[in-house]
Amino acid sequence: MTTRAVASAAATVANLGPGFDVIGACLEGPRDSVTAELTGDGLVTLVAVTGDGGKLAPSGGNVVEVVARHVLDRFAAPGTGVKLWLDKGLPLGSGMGSSSASSVAAALAVAALIDSEIPKAALLDACREGERLAAGTPHADNVAPCLFGGIVACLPGDGEVVHILPLPVPDGLLVVAVKPEYDVKTSDARAALPKTVSMDDAVHTAAATAAFVMGLANGDYALMARGCDERLATPSRKGFVRGYEGVVAAARRVGAVGAGLSGSGPTIYALSDDRETAIEIAEAMVDAFSEAGATAKAVISGVDPHGAQVSLLDV
Ligand code: HSE
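Nothing here was measured: the structure is a model prediction, and the numbers come from that model.

### Here's the deal with the site of the ligand
Then, in step 1: Residues in close proximity to the ligand include Ala14, Asn15, Phe20, Asp21, His139, Asp141, Asn142, Thr186, Arg190, Arg237, Gly263 and Ser264, which together make up its full environment.
Then, in step 2: Within the contact set of the ligand, an oxygen atom lies 2.9 Å away from a side-chain nitrogen or oxygen of asparagine 142.
Then, in step 3: Between the ligand and arginine 190 there is a distance of 2.5 Å, counted from an oxygen atom to a side-chain nitrogen or oxygen.
Then, in step 4: Contact with the protein chains hides 97% of the accessible area of the ligand, taken as 260 Å² for the molecule alone.

### Structural notes on the domain arrangement of the chain
Then, in step 1: Split into domains, the chain comes out as domain 1 (3–168) and domain 2 (174–302).
Then, in step 2: Between the C-alpha centres of domain 1 and domain 2 there is a distance of 24 Å.
Then, in step 3: The interface of domain 1 with domain 2 comprises 29 residues on the first partner and 33 residues on the second.
Then, in step 4: Across the domain 1/domain 2 interface, buried area totals approximately 2300 Å², and carbon plus sulfur atoms make up 64% of it.
Then, in step 5: Salt-bridge contacts for aspartate 21 lead to arginine 190; the nearest nitrogen and oxygen are separated by 2.8 Å.
Then, in step 6: Residue assignment for the side of domain 1 that touches domain 2 shows that the elements contributing at least two residues are strand 1 (3–14), strand 2 (23–39) and helix 3 (124–135).
Then, in step 7: Top element by residues in the side of domain 1 that touches domain 2 is strand 2. It accounts for six residues.

### Points about the side chain of serine 272
Then, in step 1: Relative to the assigned elements, serine 272 resides in strand 9 (residues 268–272).
Then, in step 2: A polar contact is formed between the side chain of serine 272 and the backbone oxygen of aspartate 274, at a distance of 3.1 Å.
Then, in step 3: Those residues in contact with serine 272 that lie beyond four places of it in its chain are Gly172, Leu173, Leu174, Tyr221, Val257, Thr277, Ala278 and Ile281.

### Points about the pairing of strand 9
Then, in step 1: Burial of strand 9 is extensive: five of the five residues sit out of reach of the surface.
Then, in step 2: In the sheet, strand 7 (residues 174–180) pairs with strand 9 via five bridges, with the strands oriented antiparallel. Across the sheet, valine 176 pairs through a bridge with alanine 270, a residue of strand 9.
Then, in step 3: Pairing analysis gives four bridges linking strand 8 (residues 258–261) to strand 9, with the strands arranged antiparallel. Within strand 9, the position partnered with alanine 259 by the bridge is alanine 270.
Then, in step 4: The loop that links strand 8 with its antiparallel partner strand 9 comprises six residues; one of these, glycine 263, has a positive phi angle of about 55 degrees.

Cut-offs used in this document
Residues numbered from 1 in each chain as written. Predicted model: local features only at pLDDT ≥ 70, side-chain atom pairs only at ≥ 80, totals over all residues. Heavy atoms only, no water. Near = heavy atom within 4 Å. Polar contact = N/O pair within 3.5 Å; in protein donor to acceptor, adjacent residues only side chain to side chain. Areas by Shrake-Rupley, 256 points an atom, 1.4 Å probe, with all protein chains shown as cover. Domains from an automatic or database assignment. Contact = heavy atoms within 4.5 Å. Buried area = accessible area lost by both parts, 1.4 Å probe. Salt bridge = Lys/Arg side-chain N within 4 Å of Asp/Glu carboxyl O. Helix = DSSP H or I, 4+ residues; strand = E, 2+ residues; numbered from the N terminus. Buried < 20%, exposed > 50% of the residue type's maximum accessible area, 1.4 Å probe, protein only. Pairing = 2+ DSSP bridges.

Below is the structure:
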């Protein structure tokens, strides 16, 4: 009999509200899952990748391999290896944290086989190495909410260390995430970022952050709406998403609490406090993408408070 671990990790909206590289939310789905089995050969072997139309082949260089290697090196006895199976429920290049979900599921699955007492917090750095591979930077605003659940702020620490601050989630908060059929690579979107920003844009975004966080804390949706106006990254990135202005305007017109780029796009998210309104928002955003020439699909999700999950099974 062999023990395997199966971990599943959900989509996330990074850059939530005004929180470029800082605030992220964990959705209930879609999810990636990773199955892992320890070996004695010291190797990390990605046996198979399924899902997402077979876009990813297990040919080396997948984030799950890098993350698994970090977890083994840190926690396992020398010579321990692992076999991995990755099932992609999340589309690549979507702006919904596809690489993060794979990274987090891999970290959790491998750690669970080594020692069930390893805390999630000890896996954050390994997950961020997946982001470094996928996007060139170890930003935490996808992997942290994916791992821990809820809405979190990632505060810079010493060097590359980040501190995770859980933020309040208002009752009934719904996230509408609408993805057009094309992809945007996070590495390309990061290359488009300006090296400096204007004082006006920095002050505006700081004020928006105060409004957004206070809105979350008090369940004040009007204040959250004022806070959904990020001016550090969005101005240089919205050109990657055809129809961006029209989709955001359509969402707001039918009652969205706020809207913006999910991560580095092309998914655009909107917030709502009511399911009927969320459905109208989703339809309006899909229509607006269509007017801009793109077929788009919508997901409506609550915020998952639990984050990634793992279980062990004997096969
Ligand atoms: N904060 C990251 C970025 C998220 O905007 O580049 C990427 O999904």
